[in-house]
Amino acid sequence: MNLNSHPMWTEQNNKLYRKFTFKDFSEAFAFMTRVALAAEKMDHHPSWTNTWNTVEISLSTHDAGDVVTGKDRELAKKIDAIAK
């Protein structure tokens, strides 16, 4: 994934980062549930926080030394599809 094709993701501190905002907590939680299922299938899990209607996600590959890899870019693409 080229970050230019996914401008909402930024790479900072060896992580891909994106902030999502939803209508309310229920929408944010439903989104997190769908992301969790996709991440589990990939065996590649995000670091994230949730406060009411906001979900912040950071992706890096722990096995590669906490740097951004193709796995992170692939999961970011799946997360983008879920967010649509």
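Residues numbered from 1 in each chain as written. Predicted model: local features only at pLDDT ≥ 70, side-chain atom pairs only at ≥ 80, totals over all residues. Heavy atoms only, no water.

(A) Representation of the pairing of strand β4 (residues 54-59). Strand direction decides the pairing type here: strand β2 (residues 15-21) and β4, joined by six bridges, are antiparallel. Directly across from Tyr17, in β4, lies its bridge partner Ser58. With five bridges connecting them, strand β3 (residues 47-51) and β4 associate as antiparallel partners. Within β4, the residue paired with Asn50 across the bridge is Val55. (Pairing = 2+ DSSP bridges. Helix = DSSP H or I, 4+ residues; strand = E, 2+ residues; numbered from the N terminus.)

(B) The side chain of Asn53, seen in detail. Looking at where Asn53 falls in the secondary structure, it is placed in the loop between β3 and β4. Of the polar contacts made by the side chain of Asn53, one reaches the side chain of Thr54; its length is 3.2 Å. Setting aside residues up to four positions removed in sequence, Asn53 forms contacts with Phe20, Thr21, Phe22, Lys23, Asp24, Phe25 and Ala28. (Polar contact = N/O pair within 3.5 Å; in protein donor to acceptor, adjacent residues only side chain to side chain. Contact = heavy atoms within 4.5 Å.)

(C) How the structure looks around helix α1 (residues 25-42). Helix length check: α1, at 18 residues, gives a terminal C-alpha distance of 26 Å against a target of 26 Å (1.5 Å per residue), a fit within 8%. Listed as buried for α1 are Ala28, Phe31, Met32, Val35, Ala38, Ala39 and Met42. On an axial view of α1, the arc spanned by its buried residues comes to 125°, and they lie on one face. In α1, those exposed residues whose orientation departs by more than 90 degrees from the buried face are Ser26, Leu37, Glu40 and Lys41. In the core, the buried residues of α1 are packed alongside β2, β3, β4 and α2 (70-83). Between the side-chain oxygen at the start of α1 and the backbone nitrogen of Ser26 there is a gap of 3.2 Å, and the oxygen is on Asp24. (Expected span 1.5 Å × (residues − 1). Buried < 20%, exposed > 50% of the residue type's maximum accessible area, 1.4 Å probe, protein only. Arc of directions from axis to C-beta.)

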